[in-house]
Structures are given as C-alpha cells and as structure tokens.
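Residues per chain, in single letters:
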Amino acid sequence: MLIRHTMESGIMSLKLCCQLDVTNRAAAVLDIQGLLYAHRPSRVVIELPPNTPSSATLSAMLRTERLCGTLGIPFGLAPSSRQAARLLQASDQVGR
C-alpha cells in the first residue's frame, strides 16, 4: 500500500507510506487521482514520509498539486512535510 487516506469534514488527508521511486510513482498518482474523483474533497492535505523526499515523490506531489488546481481543490502539505514544501516551491519557481 503506497497511500492511506481519510476524509473528515470534506478534507481529504493523504499519507504516503514510503518514498516513491520510478517504479511506483505512476501507481501512486493514479491512486490519488482515483481518490480525488471518487470523493471530490473540498481540500487535500498530504503528509510525506520523513526525511528528504525523493525526486519521484516530489514529481508525484507536483502532479497532485496540478490535478487539484485543475479540479479547483485547494492543496497543501501537512506541517510535518515543510522541507518538501520548500523543495516543491523551488521546483515550481524553476519550471516557470
């Protein structure tokens, strides 16, 4: 199992159970996409595994952020994922 999720008051909390690599990144993104379409949450919060996220984990989170934006769902990282938030922000700045 790559992802655990809970729904409470319209907020979907996702937890990545492990760092992703190229062999499981697409599966994780498809799981997240399926959850978003099935539950249509009002907000999504993701908690990443501890330590510096792998590039595949960051890629999956960027894809999730874009999908949430397309669906009009606010996206955020759990407070325990602040290092990942900084890396995602830096990655977003480079992509512009």
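Coordinates for the structure precede this section.
**Examining the nonpolar core**
Right, on to step 1. With 22 residues, the main nonpolar core has Leu 14, Leu 20, Leu 36, Val 44, Ile 46 and Met 61 as its most contacted residues.
Right, on to step 2. Where this core is concerned, the elements lending two or more residues are β2 (11–16), α1 (25–39), β3 (43–47), α2 (55–71) and β4 (75–77).

**Here's the deal with unusual backbone geometry**
Right, on to step 1. With a phi angle near 55 degrees, Ser 9 is a residue other than glycine that sits in the positive phi range.
Right, on to step 2. Examined against the element boundaries, Ser 9 turns out to sit in the loop between β1 (3–8) and β2.
Right, on to step 3. Residue classification places Ser 9 among the exposed positions, given a relative accessible area of 70%.
Right, on to step 4. With a phi angle near 45 degrees, Arg 40 is a residue other than glycine that sits in the positive phi range.
Right, on to step 5. When you line up the elements, Arg 40 lands in the loop between α1 and β3.

**Examining the side chain of Thr 57**
Right, on to step 1. One can find Thr 57 in helix α2.
Right, on to step 2. Those residues in contact with Thr 57 that lie beyond four places of it in its chain are Gln 19, Leu 20 and Leu 48.

**Focus: the environment of Leu 71**
Right, on to step 1. Relative to the elements of secondary structure, Leu 71 occurs in helix α2.
Right, on to step 2. Aside from chain neighbours lying at most four places away, what touches Leu 71 is Leu 36, Tyr 37 and Arg 40.

Criteria and thresholds
- Residues numbered from 1 in each chain as written.
- Predicted model: local features only at pLDDT ≥ 70, side-chain atom pairs only at ≥ 80, totals over all residues.
- Heavy atoms only, no water.
- Core = buried A, V, L, I, M, F, W, Y, C linked by side-chain atoms within 4.5 Å.
- Buried < 20%, exposed > 50% of the residue type's maximum accessible area, 1.4 Å probe, protein only.
- Helix = DSSP H or I, 4+ residues; strand = E, 2+ residues; numbered from the N terminus.
- Contact = heavy atoms within 4.5 Å.

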